[in-house]
Amino acid sequence: REASARARTMAALAGGYASVLLALPALDAATIRYVGIGSNLSPSLMARRVGGDLRAHEPCVVPGHRLAFTALGGGPEPAFASLEEALPGADRACHGVLYTLSIPQFLRLCASEAVPVGYSVVPVTAQTYAGEALGACALRAGGPGLLVEGLVGRERLLPSKRYIDAMLAGAEEAGVDPTWRTHLQGIAARVREQRARPFPGPVRSRAGG
């Protein structure tokens, strides 16, 4: 039954979204679990973005991954959030918000995030603050963002003040761990100290992670 539901769902999708859903773990006919790490930390913003009430949401941790700003923008929005694999000796986990979305809601999210051009969907294991490990998906930037990060350094590849402020507000709204909010405040301090400079890459009409 699950296989046939998956096949019907896939057949109904257009363009690149079929490959998006094929990449998801534990897909059923009704819901998809997604981890928001950027402006999508905000449940109220997410509800507006996907066009309906959220089925469920709670803070979580994604082990073995890190918050990076490797989704390149331009002009006033130089970079957006992306969930990248952890680096040796660096951040070993990334906090976020685990959402349960319907398939139509997830497709609206993909459209707003320029999937599969600006971002790709990657499978992850999300651990709730209660300790439950769940299969989910997240967004990882496409394009040369990792290369640019390697050239200029993580400390210089930063988002706009507007964007990091939105992340801080969303993290507080969702009840994300205070230590992670302190980490975001440190990024915000670096943004204030260093005027963000545009990096190569298209300006995309999207929310950013």
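Quick caveat, the model's predicted, so the values are computed rather than measured.

> Would you explain unusual backbone geometry in this entry?
In the segment running from V115 into P116, the intervening peptide bond is cis, with an omega of 5°. Considering the arrangement of structural elements, one finds P116 in the loop between helix 4 (103–112) and strand 6 (119–128). For A114, which is not glycine, the phi dihedral falls at a positive 60°. You can see A114 is positioned in the loop between helix 4 and strand 6.

> Can you walk me through helix 5 (residues 145–152) in this structure?
Since one α-helical turn is 3.6 residues long, residues separated by three or four positions face the same way. Buried residues of helix 5: G145, V148 and E149, and no others. Buried residues of helix 5, viewed axially, fall in a sector of 105°; they line one side. What points out from helix 5, more than 90 degrees from its buried face, is the exposed set L147, G150 and L151.

> Whenever I open this one, the layout of surface pockets confuses me. Can you help?
It is a probe the size of a water molecule, rolled over the atoms, that shows where empty space is left. Space inside the largest pocket adds up to approximately 170 Å³. Of all the secondary-structure elements, those providing two or more residues to the lining of the largest pocket are strand 3 (65–74) and helix 7 (178–193). Counted by class, the lining of the largest pocket contains 6 nonpolar, 1 polar and 5 charged residues.

> Quick question: what am I supposed to make of the packing of helix 6 (residues 161–174) against helix 7 here?
Two numbers describe how helix 6 lies on helix 7: the axes approach to 10 Å, and their chain directions differ by 165°. In this view, helix 6 runs roughly antiparallel relative to helix 7, as classed from their interaxial angle. In this structure, helix 6 meets helix 7 at a crossing whose hand is left-handed. Seen from helix 6, the contacting residues are K161, I164, M167, L168, A171 and E172; seen from helix 7, they are R181, L184, Q185, I187, A188 and V191. For the contact of helix 6 with helix 7, the per-class residue count stands at 8 nonpolar, 1 polar and 3 charged.

> Help me understand the nonpolar core, please; the structure alone is not making it clear to me.
Nonpolar side chains in soluble globular proteins tend to end up buried together. Counting residues in hydrophobic clusters, the biggest one holds 55 residues, and the most contacted among them are V35, L67 and L184. Contact partners of L67, with chain neighbours within four places excluded, come to I37, A81, S82, C94, R154, M167, W180, L184 and I187.

> When you look at the side chain of H95 in this model, what are you seeing that I'm missing?
Tracing the backbone shows H95 in strand 5 (residues 93–102). At a separation of 2.7 Å, a polar atom in the side chain of H95 contacts the side chain of Y129. Setting aside anything within four residues of it in sequence, one finds H95 in contact with I37, C60, V61, Y129, V176, D177 and W180.

> Honestly, the packing of helix 3 (residues 43–50) against helix 4 in this entry has me stumped. Any pointers?
Here helix 3 crosses helix 4 at 95°, and the two axes come no closer than 8 Å. Of the possible angle classes, the one that applies to helix 3 and helix 4 is roughly perpendicular. In this structure, helix 3 contributes M46, R49 and V50 to the contact, and helix 4 contributes Q105, R108, L109 and S112.

> Help me understand the packing of aromatic side chains in this model?
Geometry of an aromatic ring pair is reported as the spacing of the ring centres plus the angle between the planes. The final tally for this structure, using the stated rule, is 2 aromatic pairs. Arranged with centres 6.4 Å apart and planes meeting at 20°, the rings of Y34 and Y99 form a pair that is stacked. With Y34 in strand 1 (residues 31–36) and Y99 in strand 5, this pair connects stretches of sequence that are 65 residues apart. Across the pair, exposure class does not vary: Y34 and Y99 are buried alike. Summarising the aromatic geometry, the rings of F80 and Y163 are spaced 5.5 Å apart at their centres and angled 85° between planes, so their arrangement reads as edge-to-face. Taken together, the residues span a long stretch of sequence, with F80 in strand 4 (residues 77–85) and Y163 in helix 6 at a distance of 83 residues. In this pair, the class of F80 matches that of Y163, namely buried.

Reading the values: the criteria
- Residues numbered from 1 in each chain as written.
- Predicted model: local features only at pLDDT ≥ 70, side-chain atom pairs only at ≥ 80, totals over all residues.
- Heavy atoms only, no water.
- Helix = DSSP H or I, 4+ residues; strand = E, 2+ residues; numbered from the N terminus.
- Buried < 20%, exposed > 50% of the residue type's maximum accessible area, 1.4 Å probe, protein only.
- Arc of directions from axis to C-beta.
- 1 Å grid on protein atoms, 1.4 Å probe; cavity = no way out; pocket = protein on both sides within 12 Å on 5 of 7 lines; lining within 4 Å.
- Points joined across faces, edges and corners; volume = space filled by probe spheres on them.
- Nonpolar A, V, L, I, M, F, W, Y, C, P; charged D, E, K, R; others polar.
- Axes fitted to C-alpha atoms, helices over the stretch in contact; angles between N-to-C directions.
- Parallel < 35°, antiparallel > 145°, perpendicular 65-115°, else oblique.
- Left-handed = near helix turned anticlockwise from the far one by under 90°.
- Contact = heavy atoms within 4.5 Å.
- Core = buried A, V, L, I, M, F, W, Y, C linked by side-chain atoms within 4.5 Å.
- Polar contact = N/O pair within 3.5 Å; in protein donor to acceptor, adjacent residues only side chain to side chain.
- Phe/Tyr/Trp six-rings, centres within 6.5 Å; stacked < 30°, edge-to-face > 60°.

Any link to function would need more than the numbers given here.
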